[in-house]
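Fold and geometry: a report
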Amino acid sequence: MSDTIILQCQQLTKHFQQGDLDVEVLKGVDLSINAGECVAIMGASGSGKSTLLHLLGGLEKPTQGKVILDGENINKISASRVSQLRNQSLGFIYQFHHLLGEFSILENVAMSVLIGGASVKVAIEKASKLLDRVGLGHRIQHKPGELSGGERQRAAVARALINRPKCILADEPTGNLDSKTAEQIYQLMLELNQELHVSFLVVTHNQSLAHRMDRVLQMEDGMIVTDD
Ligand SMILES: Nc1ncnc2c1ncn2[C@@H]1O[C@H](COP(=O)(O)OP(=O)(O)OP(=O)(O)O)[C@@H](O)[C@H]1O
Ligand SMILES: [Mg+2]
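What counts, and at which threshold
By convention here, each chain's residues receive numbers from 1 onward along its written sequence. Chains and ligands are labelled by the order in which they are written, letters from A for the one and numbers from 1 for the other. This being a predicted model, a pLDDT of at least 70 is required before a residue's local features are given, and a value of 80 or more before pairs of side-chain atoms are given or counted; all residues contribute to the totals for chains, interfaces and linings. Each helix is a run of H or I in the DSSP string that is no shorter than four residues. Each strand is a run of E no shorter than two, and both are numbered from the N terminus. Exposure in this text rests on C-beta crowding, where 20 or more other C-beta atoms within 10 Å of a residue's own make it buried, 12 or fewer make it exposed, and counts in between make it partly exposed. The C-beta atoms are placed from the backbone. A residue pair is marked as a contact if its C-beta atoms, positioned from the backbone, fall within 7 Å. When buried Ala, Val, Leu, Ile, Met, Phe, Trp, Tyr and Cys residues are joined through C-beta atoms within 7 Å, the set is termed a nonpolar core. When DSSP finds two or more bridges between two strands, those strands count as paired. Note on method: axes are straight lines fitted to C-alpha atoms, helices fitted across the in-contact stretch only, with angles between N-to-C directions ranging 0 to 180 degrees. A residue counts as near a molecule or strand when its C-beta atom, positioned from the backbone, falls within 6 Å of it.

Along the chain, the regular secondary structure elements total seven helices and ten strands. Expressed along its principal axes, the backbone C-alpha trace of the chain runs to roughly 50 × 40 × 40 Å. Evaluated residue by residue, the chain yields a buried proportion of 39% over its 228 residues. For the chain, the share of sequence-separated contacts (at least 6 apart) that also reach a separation of at least 24 residues comes to 69%.

Printed below as a string of structure tokens:
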């Protein structure tokens, strides 16, 4: 495995103001994700996992500390450069698929290729190919509401990968699925990791799925307490 660092944070802290209260949600997190690495994050509800992912994805600003994405300190660059870098380098998968209900899954997946400036033909070709790879070749004209939960998450995986990001940030991507379907989605993510050399950072409450990744980080009360 290459040891090029794709995504890193150093002494990351995040405070939220709740009325008069200052709540420290992240308390100095250090983390590095290498190219092609699959890392799981586990931890109790409220320990700060989603907050960490938001900060790593540049969706929120840290109170202190830095996030380095693909070699750039995202706290030191303009908001437009952050979104550009995020679009180029990261993909996101959430617990809820967040596909747009009025569009087919082909359109959903092709959309960000179009936004990136490609022609309709190229976008459709790329999206069809990837949807085929995730096992949805026979469903591309269907709308999300016409798919099963597992199929919708497969489409969400395809959407996250369509611009060939270096790292996917996934927040409980199988949290809504039964265990057999969750297992299939994990299997798919691990295969795509091997095929595309894309890194995965996945928050999960499922211990057995977490231990199929290269490393498991344990979060407790805003800190990473174990890394094995
Ligand atoms: N915008 C916000 N304002 C105030 N507090 C927040 C905000 N976002 C998160 N928090 C608090 O930060 C803590 C960590 O939240 P976070 O969503 O990161 O937890 P989590 O580990 O993802 O939990 P879960 O497993 O339930 O998804 C919680 O106590 C939460 O209430
Ligand atoms: Mg969460």
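Another aspect to go through is the nonpolar core. Counting 62 residues, the largest nonpolar core has Val109, Ala127, Leu131, Ala158 and Cys167 as the members making the most contacts within it. Counting residues per element, this core draws most heavily on helix H5 (residues 149–161), at six residues. Residues contacting cysteine 167, with those up to four places away along its chain left out, are Ile6, Leu7, Ile33, Ser89, Leu90, Val198, Ser199 and Leu201.

Our focus in this paragraph is the sheet that holds strand E5 (residues 72–73). Strand order in the open sheet made by the four strands is E2-E1-E4-E5, with antiparallel pairing throughout. Of all the strands in the sheet, just strand E2 (21–34) and E5 have a single pairing partner and so form its edges. Note that strand E4 (residues 64–69) and E5 share two bridges and pair antiparallel. Bridging from a neighbouring strand, leucine 69 pairs with glutamate 72 of E5. Across the sheet, helix H1 (residues 49–56) is in contact with strand E1 (5–18), E2 and E4; its angle to E1 comes to roughly 120 degrees.

Looking at the secondary structure, you find glycine 65 in strand E4. Each C-alpha atom, one on glycine 65 and one on alanine 210, is 27 Å from the other, the two residues being 145 residues apart in sequence. Here glycine 65 is in contact with Cys9, Gln10, Gln11, Leu12 and Thr13, once residues within four sequence places are set aside.

Turning next to the site of ligand 1. The immediate surroundings of ligand 1 are formed by Phe16, Gln18, Val23, Val25, Gly43, Ser45, Gly46, Ser47, Gly48, Lys49, Ser50 and Thr51. Among the elements of the structure, E1, E2 and H1 are those that each provide at least two residues to the shell around ligand 1. The dominant element in the shell around ligand 1, judged by the number of residues it contributes, is H1, at three residues.

In this structure, E1 lies alongside E2, joined through eleven bridges in antiparallel fashion. By the bridge assignment for E2, leucine 7 is matched with isoleucine 33.

Moving on, we get to the pairing of strand E7 (residues 167–171). Within a regular strand, side chains alternate between the sheet's two faces. By the criterion of burial, E7 is predominantly enclosed, with five of the five residues buried. Across the two faces of E7 the burial is the same, with Cys167, Leu169 and Asp171 and Ile168 and Ala170 all buried. Sheet topology note: the strand E6 (residues 90–93)/E7 ladder contains four bridges and is parallel. Residue glycine 91 lies in a different strand from E7, and its bridge partner there is isoleucine 168. Taken together, the five bridges between E7 and strand E8 (residues 199–203) define a ladder with parallel strand orientation. Its bridge partner being in E8, cysteine 167 is matched across the sheet by serine 199.

Bringing the environment of glycine 116 into the picture now. Along the polypeptide, glycine 116 turns up in the loop between helix H3 (105–115) and helix H4 (120–133). A C-alpha to C-alpha distance of 8.6 Å links glycine 116 and asparagine 163, two positions 47 residues apart in sequence.

We now examine H1. In terms of burial, H1 is a largely internal element, six of the eight residues being buried. Residues of H1 that are buried include every one of Lys49, Thr51, Leu52, Leu53, Leu55 and Leu56, and no others. Note on H1: the residue one or two positions beyond its end, glycine 58, has a positive phi of about 70 degrees.

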